[in-house]
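Inside the fold
Below are the chains, spelled out letter by letter.
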Amino acid sequence: MAYNPDIHHRRSNRLAGYDYSQGGVYFITICTDNKECLFGEIVNGHMMMNNLGKIVADEWIKTGTKRDNINLDDWVVMPNHFHGIVIIDNDMEQYPSVGAQRAVPLSGRFGCLVAGSLSTIIRSFKSAVTKQTNIIRQTPKLPLWQRNYWDHVVRDEADLNRIREYIHTNPQRWELDSLHRESK
């Protein structure tokens, strides 16, 4: 179906006016297309990654190593989604004390990529994973990820610790997770 602005109302889930290229700590969630369980399964409260899940993990680690201003905190690959904490370190003194301190409009154009921004980092990660998994799945045009991703700007140390706990315990809570789908 062609895009029709009268019935299709694309809204950004980004924090309005916030500069996502500034130093900060960001919690992200990326889901597979149709929340299909592609990356492994949960067994006795532990994530057992298959080859596709290992690609996700490997590419996430590469995301942190190939960019000087990016640090990765806790993360987890789940059967049909990924959670991670990304630190954009632009000379931040100590990252847990971040927050939505500075709001700067990025551009008047929707979808304009900004070098070093969270959206550019996530786009590169999703693209690298998709290329590799589509070779293994032999599905060159099939989407792997849902459009977009969910993010949260980490406000303070307590917020960061709560999110870390959520990530650590996500596999144990899989049966209760809103993203839970039975593996095929």
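Residues numbered from 1 in each chain as written. Predicted model: local features only at pLDDT ≥ 70, side-chain atom pairs only at ≥ 80, totals over all residues. Heavy atoms only, no water.

A few words now on the overall build of the protein chain. If you tally the helices and strands in the protein chain, you get 3 helices and 6 strands. When the helices and strands of the protein chain are placed in sequence order, the string is β-β-β-α-β-β-α-β-α. The buried share of the protein chain, taken over its 184 residues, is 45%. Surface accessibility of the protein chain: about 10700 Å² in total, with carbon and sulfur atoms responsible for 50%. (Helix = DSSP H or I, 4+ residues; strand = E, 2+ residues; numbered from the N terminus. Buried < 20%, exposed > 50% of the residue type's maximum accessible area, 1.4 Å probe, protein only. Areas by Shrake-Rupley, 256 points an atom, 1.4 Å probe, with all protein chains shown as cover.)

With 13 residues, helix α3 (residues 157–169) should cover 18 Å at 1.5 Å per step; its first-to-last C-alpha distance of 18 Å lies within 8% of that length. The set of residues buried in α3 consists of Asp159, Leu160, Ile163, Arg164, Ile167 and Thr169. Near the N-terminus of α3, the side chain that reaches the backbone nitrogen of Ala158, with its oxygen 3.2 Å away, is that of Asp156. (Expected span 1.5 Å × (residues − 1). Polar contact = N/O pair within 3.5 Å; in protein donor to acceptor, adjacent residues only side chain to side chain.)

Turning our attention to the pattern of salt bridges. Side-chain pairs of opposite charge can arise where the charged atoms are in close proximity. Inspection of the entire model under this criterion finds 3 salt bridges. The closest approach of N and O atoms between Glu59 and Lys62, which form a salt bridge, is 3.2 Å. Taken together, the positions of Glu59 and Lys62, both in helix α1 (residues 51–65) and 3 residues apart, correspond to about one turn of that helix. A salt bridge links Arg162 to Asp159; the nearest nitrogen and oxygen atoms lie 2.6 Å apart. Separated by 3 residues within a single helix, Arg162 and Asp159 lie in helix α3, roughly one turn from each other. (Salt bridge = Lys/Arg side-chain N within 4 Å of Asp/Glu carboxyl O.)

Under the counting rule described, the total for this entry stands at 8 aromatic pairs. Ring plane angle 80 degrees and centroid distance 5.5 Å describe the contact between Phe27 and Trp150, whose orientation is recorded as edge-to-face. One end of the pair, Phe27, is in strand β1 (residues 24–31); the other, Trp150, is in strand β6 (residues 150–153), with 123 residues separating them in the sequence. For the pair Trp60 and Phe125, a centre-to-centre distance of 5.0 Å together with 80 degrees between the ring planes defines the contact as edge-to-face. Of this pair, Trp60 sits in helix α1 while Phe125 sits in helix α2 (residues 118–137), placing them 65 residues apart in sequence. Judged by relative accessible area, which is 0%, Trp60 ranks as buried. (Phe/Tyr/Trp six-rings, centres within 6.5 Å; stacked < 30°, edge-to-face > 60°.)

Right, let's talk about the sheet that holds β6 for a bit. If you walk across this open sheet you meet the 4 strands as β4-β5-β1-β6, and the pairing is antiparallel. Looking along the sheet, the strands with just one partner apiece sit at the ends: β4 (70–77) and β6. Neighbour-to-neighbour, the strand axes of this sheet turn through a mean angle of 15 degrees, independent of strand direction. Where β1 meets β6, 4 bridges bridge the pair, whose relative direction is antiparallel. Within β6, the residue paired with Thr29 across the bridge is Trp150. With respect to the sheet, α2 is in contact with β1, β4, β5 (81–88) and β6, its orientation differing from that of β1 by roughly 35 degrees. Across the sheet, α3 touches β1, β4, β5 and β6, and the angle it forms with β5 is around 150 degrees. (Pairing = 2+ DSSP bridges. Axes fitted to C-alpha atoms, helices over the stretch in contact; angles between N-to-C directions. Contact = heavy atoms within 4.5 Å.)

It is worth spelling out the pairing of β4 at this point. As judged from the 6 bridges shared by β4 and β5, these two strands associate in the antiparallel manner. Looking at the pairing, Val76 lines up with His83 of β5.

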